[in-house]
Amino acid sequence: MYNLTEETADDWWEVEALYDTCFAPGREALSSYRLREGVPRVGPLSLVARDADGIVSGAVRYWPVRVGEHHALLLGPIAVHPTRQGEGLGGQLIQQSLGAARALGWTRVLLVGDAPYYQRFGFHPITTVQMPPPTNPDRILAQALKPGAWDGLEGPVTRAAPNP
């Protein structure tokens, strides 16, 4: 059993340590990190999963981005500690955060990841948008949180303006 809560400033170090454990060195050099620089994450959607002992076992973050003049969410990074993988925690983080995104009025989500994993949560490849290079276009996935939200959208994904 896990307790999923909104990430707070006090969680930052533990979440970063989890990401360091789960991802290869140099993860911050990925193009998706350029879209996050100087832009606050979407707090209510960025979740931390703690086990019964209060240990961080998983986390997901979301960031605002733009496709042309349209708002979208960028899901990621998401990670589950290697000792907790295979328990469905990643799915819990995704489903709870997507539900919260819908409730807050977000209409579309993007991520860069493996289609076979994310398709079970409603994501599908999208070819009409371009992430900054060097992103493999086959790994760009999208989900419409409102029917038709991706219809007709095309172009580069860009950084959202930072909050004043």
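Our structure's up above, just so we're on the same page.
Owing to the predicted nature of the structure, the values given are computational and were not obtained by experimental measurement.

K.L.:
Looking at this structure, how should I read the overall build of the chain?
P.N.:
Within the chain, the regular secondary structure consists of 4 helices and 9 strands. Here the chain has a C-alpha radius of gyration of 15 Å; the compact-globule value for 164 residues is 15 Å, and the two agree. Overall, the chain is about 45 × 30 × 30 Å in size when its C-alpha atoms are taken along their principal axes. Taking all 164 residues of the chain together, 47% fall into the buried category. Partitioning the intrachain contacts of the chain with sequence separation of at least 6 by distance along the chain shows that 69% fall at a separation of at least 24. Accessible surface, the chain as shown: approximately 8,500 Å² in total, 55% of it carbon and sulfur.

K.L.:
Whenever I open this one, unusual backbone geometry confuses me. Can you help?
P.N.:
Excluding glycine, residues mostly carry a negative phi; peptide bonds, for their part, are mostly trans. The omega torsion of the bond from G76 to P77 falls at 0°, within 30 degrees of zero and hence cis. Backbone torsion omega between P133 and P134 reads 5°, so that peptide bond is classified as cis. By the secondary structure assignment, P134 is in the loop between strand 7 (129-130) and strand 8 (140-144).

K.L.:
Which parts of the structure should I look at to understand helix 1 (residues 12-22)?
P.N.:
Since the α-helix advances by 3.6 residues per turn, residues separated by three or four positions end up pointing in the same direction. Those residues of helix 1 that fall on the buried side of the exposure criterion are V15, E16, L18 and Y19. One side of helix 1 holds all its buried residues, which, seen down the axis, span an arc of 155°. Structural note: helix 1 exposes W13 and D20 on the side pointing more than 90 degrees away from its buried face. Close packing links the buried residues of helix 1 with strand 2 (47-50), strand 3 (56-67) and strand 4 (70-80).

K.L.:
What exactly am I supposed to notice about the nonpolar core here?
P.N.:
A general trend in soluble globular proteins is that nonpolar side chains are found buried together. Within the largest apolar cluster, 25 residues are counted, with the highest numbers of intra-cluster contacts made by Y62, L75, L93, V109, Y118 and F123. When contributions to this core are tallied by element, the ones reaching two or more residues are strand 2, strand 3, strand 4, helix 3 (89-103), strand 5 (108-112) and helix 4 (115-118). The dominant element in this core, judged by the number of residues it contributes, is helix 3, at 5 residues. When neighbours within four sequence positions are excluded, Y62 is seen to be in contact with R41, V42, L45, S46, L73, L74, L75, I94, S97, L98 and V109. With 15 residues, the next largest nonpolar core counts L35, L110, V129 and L153 among its residues.

What counts and what doesn't
- Residues numbered from 1 in each chain as written.
- Predicted model: local features only at pLDDT ≥ 70, side-chain atom pairs only at ≥ 80, totals over all residues.
- Heavy atoms only, no water.
- Helix = DSSP H or I, 4+ residues; strand = E, 2+ residues; numbered from the N terminus.
- Rg over C-alpha atoms; globule rule 2.2 N^0.38 Å.
- Buried < 20%, exposed > 50% of the residue type's maximum accessible area, 1.4 Å probe, protein only.
- Contact = heavy atoms within 4.5 Å.
- Areas by Shrake-Rupley, 256 points an atom, 1.4 Å probe, with all protein chains shown as cover.
- Arc of directions from axis to C-beta.
- Core = buried A, V, L, I, M, F, W, Y, C linked by side-chain atoms within 4.5 Å.

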